[in-house]
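The residues making up each chain are set out below.
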Amino acid sequence: MDLSAEFKRWKAQCLSKADLSRKGSVDEDVLEIVQLLNGQEQFFTTSSCAGRIILLDGSINGSEVQKQNCCWLLVTHKACVKDDVTVALKKAKGDAVLKFEPLVLHVQCRQLQDAQILHSVAIDSGFRNSGITVGKRGKIMLAVRSTHGLEVPLSHQGKLMVTEEYINFLLKIANQKMEENKKRIERFYHCLQHALEKETVSTTSHPKEKVNTSYIRKKKRNPAKAHGKRVTEGNEKELENNDHDDPGISVTIFPEDY
């Protein structure tokens, strides 16, 4: 199989699909990164969310909150104010949960060396939960993630369980995390520009070195999650691998000190 030709086919097919997210477009804070990656021959993005503060109204039967079964009371990609949360909480009939979710970016890469470059950029920019997955058909996916999220229940069966003072306290923390998230996104963009420029110079003067496999380990992948579409937020289960007909064993790469 000509993986280079196959990669071009995957890229053209993915970027031609409609955006299936709730918003229907790429988030403003991550747009430059998405455009920069998609403008390179060796990358294309399959999903992205710049980070958000959301208020979900979940099940009242005590089961785990799942976003696809929840009512979205509030979602914002900017700093959140108490009045907006207070108004949204009045609509809650189940278990309302306030969440902050940092940047999530999924990128398919042409070669493992390309993914390693992008992985290093992600780690250096503060997204230390990032990793690479290699499928049996040759699809190489990089997930850019970090760990500074927030998830706090506010109401139960429609009854508010916390004080306004505590809501103020949570929003202060959530907004601080949002600000830090934006700083990491900016750092990621500038580091990515520098890495791509450096790689361009390197490849014109020296052939690519062999991949360092000293910290590669195999893991089982959940076949139920092996499916992907180009969206910007939501449909998270479909985004993990973007490799629906490639179940089984995959290879995941993490930093040496992970």
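Notes on the structure follow. (Residues numbered from 1 in each chain as written. Predicted model: local features only at pLDDT ≥ 70, side-chain atom pairs only at ≥ 80, totals over all residues. Heavy atoms only, no water.)

**Comments concerning the pattern of salt bridges**
Here is step 1: According to the stated counting rule, one finds ten salt bridges in the structure shown.
Here is step 2: With its nearest N and O atoms 3.2 Å apart, the salt bridge here joins Arg137 to Glu6. One end of the pair, Arg137, is in the loop between β6 (131-134) and β7 (140-144); the other, Glu6, is in helix α1 (residues 3-15), and 131 residues separate them in sequence.
Here is step 3: Note on Arg137: relative accessible area 22%, which makes it partly exposed.
Here is step 4: Looking at Glu6, the relative accessible area reads 14%, which means it is buried.
Here is step 5: Note that Glu164 is salt-bridged to Lys82, the shortest N-O span being 3.3 Å. Of the two residues, Glu164 is situated in helix α5 (residues 164-205) and Lys82 in helix α3 (residues 82-89); the sequence distance between them amounts to 82 residues.
Here is step 6: One salt-bridge network, in which partners are shared between bridges, spans Arg52, Lys99, Glu101 and Glu151. (Salt bridge = Lys/Arg side-chain N within 4 Å of Asp/Glu carboxyl O. Helix = DSSP H or I, 4+ residues; strand = E, 2+ residues; numbered from the N terminus. Buried < 20%, exposed > 50% of the residue type's maximum accessible area, 1.4 Å probe, protein only.)

**Quick word on the packing of aromatic side chains**
For any pair of aromatic rings, geometry is given as the distance between the ring centres together with the angle between the planes.
Here is step 1: This structure, assessed with the given rule, holds three aromatic pairs.
Here is step 2: When the ring of Phe7 is compared with that of Phe44, the centres are 5.4 Å apart and the planes differ by 50°; the resulting orientation is tilted. Placement of Phe7 in helix α1 and of Phe44 in strand β1 (residues 43-49) is noted, with a sequence separation of 37 residues between them.
Here is step 3: Given a relative accessible area of 2%, Phe7 falls into the buried group.
Here is step 4: Look at Phe44 and you get buried, because its relative accessible area is 0%.
Here is step 5: Ring centres of Tyr166 and Phe169 lie 6.0 Å apart, and the angle between their planes is 35°; on these two criteria the pair is classed as tilted. Linking Tyr166 with Phe169, this pair stays in helix α5, spanning three residues, or about one helical turn. (Phe/Tyr/Trp six-rings, centres within 6.5 Å; stacked < 30°, edge-to-face > 60°.)

**Describing α1**
Here is step 1: Relative to the 18 Å expected for 13 residues at 1.5 Å per residue, α1 spans 18 Å between its end C-alpha atoms, a close match to the ideal helical length.
Here is step 2: Turning to α1, its buried residues number three or more, namely Glu6, Phe7, Trp10, Lys11 and Cys14. For α1, the buried positions fall inside an angular range of 140° around the axis, keeping them on one side.
Here is step 3: As for α1, its buried residues are in contact with α2 (31-38), β1 and β5 (104-109). (Expected span 1.5 Å × (residues − 1). Arc of directions from axis to C-beta. Contact = heavy atoms within 4.5 Å.)

**Some points on the pairing of β1**
Here is step 1: Along β1, seven of the seven residues are buried, which leaves the element largely enclosed by surrounding structure.
Here is step 2: As paired elements, β1 and β5 share six bridges and run antiparallel to each other. Each bridged residue has a counterpart across the sheet, and for Phe43 the counterpart in β5 is Cys109. (Pairing = 2+ DSSP bridges.)

**What about the sheet that holds strand β8 (residues 150-153)?**
Here is step 1: The four strands are arranged β3-β2-β4-β8 in an open sheet whose pairing can be described as antiparallel. The outermost strands of the open sheet, each flanked by one partner alone, are β3 (71-76) and β8. Neighbour-to-neighbour, the strand axes of this sheet turn through a mean angle of 15°, independent of strand direction.
Here is step 2: Here strand β2 (residues 52-58) pairs with β3 via five bridges, running antiparallel. By the bridge assignment, Leu56 is partnered in β3 with Trp72. (Axes fitted to C-alpha atoms, helices over the stretch in contact; angles between N-to-C directions.)

**Here's the deal with the nonpolar core**
Here is step 1: Ranked by size, the top nonpolar core spans 28 residues in total, and within it Ile33, Leu105, Leu118, Phe188 and Leu192 carry the most contacts.
Here is step 2: Counting residues per element, the ones that place at least two in this core are α2, β5, α4 (112-124), β7 and α5.
Here is step 3: By residue number, the principal contributor to this core is α5, which donates six residues.
Here is step 4: Excluding its chain neighbours within four sequence positions, the residues that come into contact with Phe188 are Ile33, Leu105, Leu118, Val121, Ala122, Ser125, Phe127 and Val144.
Here is step 5: With 21 residues, the next largest nonpolar core counts Leu55, Cys80, Leu98 and Leu154 among its residues. (Core = buried A, V, L, I, M, F, W, Y, C linked by side-chain atoms within 4.5 Å.)

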